[in-house]
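# Observations on chain architecture
Here is what each chain is made of, one letter per residue.
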Amino acid sequence: MAVVIRLRQEGSKDHTVYRVVAADKRARRDGRFLEILGTYDPNKDGKNFSLNMDRVNALIADGAKPSGTVASLIRKTVAAAG
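Worth saying up front: this structure is predicted, and the values here are computed from it rather than measured.

What follows concerns the nonpolar core. I5, V20, L37 and L51 are the most contacted members of the largest nonpolar core, which has 16 residues in total. Those elements that place two or more of their residues in this core are β1 (3-11), β2 (16-24), β3 (35-40), β4 (49-51), α1 (53-61) and α2 (68-81). The residues touching L37, leaving out its near neighbours within four places in the chain, are I5, V20, V21, A22, S50, L51, N52, R55, V56 and L59.

Turning our attention to the environment of K47. Take K47: it is sitting in the loop between β3 and β4. Residue K47 is classed as exposed on the basis of its relative accessible area of 61%. The spatial distance from the C-alpha of K47 to the C-alpha of A71 is 16 Å, given a sequence separation of 24 residues. Separated by 3.2 Å, the side chain of K47 and the backbone oxygen of F49 make a polar contact.

A few words now on the packing of aromatic side chains. Summed over the entire model, instances satisfying the criterion amount to one aromatic pair. Ring plane angle 25° and centroid distance 6.0 Å describe the contact between Y18 and Y40, whose orientation is recorded as stacked. Here Y40 lies in strand β3 and Y18 lies in strand β2, a separation of 22 residues in the sequence. Take Y18: its relative accessible area is 22%, and that puts it in the partly exposed class. For Y40, a relative accessible area of 18% gives the class buried. Looking at K47, its charged tip hangs above the ring of F49, at a distance of 5.2 Å from the centre.

The subject of this paragraph is α1. Turning to α1, its buried residues are M53, V56 and L59. The buried residues of α1 occupy an angular sector of 125° when projected down its axis, which confines them to one face. Turned more than 90 degrees away from the buried face of α1, the exposed residues are D54 and A61. At the exit of α1 stands G63, carrying a positive phi of roughly 110°.

Scoring rules and cut-offs
- Residues numbered from 1 in each chain as written.
- Predicted model: local features only at pLDDT ≥ 70, side-chain atom pairs only at ≥ 80, totals over all residues.
- Heavy atoms only, no water.
- Core = buried A, V, L, I, M, F, W, Y, C linked by side-chain atoms within 4.5 Å.
- Buried < 20%, exposed > 50% of the residue type's maximum accessible area, 1.4 Å probe, protein only.
- Helix = DSSP H or I, 4+ residues; strand = E, 2+ residues; numbered from the N terminus.
- Contact = heavy atoms within 4.5 Å.
- Polar contact = N/O pair within 3.5 Å; in protein donor to acceptor, adjacent residues only side chain to side chain.
- Phe/Tyr/Trp six-rings, centres within 6.5 Å; stacked < 30°, edge-to-face > 60°.
- Lys NZ or Arg CZ within 6 Å of the ring centre and 35° of its normal.
- Arc of directions from axis to C-beta.

All quantities given are derived from atomic positions and should not be read as evidence of function.
The following block contains the structure:
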């Protein structure tokens, strides 16, 4: 099973928020997922996301591939940490 780390769209039409999830590559965008890894709210100013980096790093070490947007969030988290 190929695992990807990607965004899952939630919220209302005018206020979309996203959850960062680990999911099977074949699953729909808002379909079944393995676990929730964080959140992303593009409507907020400042730090608008949170990630569980321990689990993200463990999944990447096991072969999971992050999507482009999630990879950007990971880079921002690493840059902010040090």
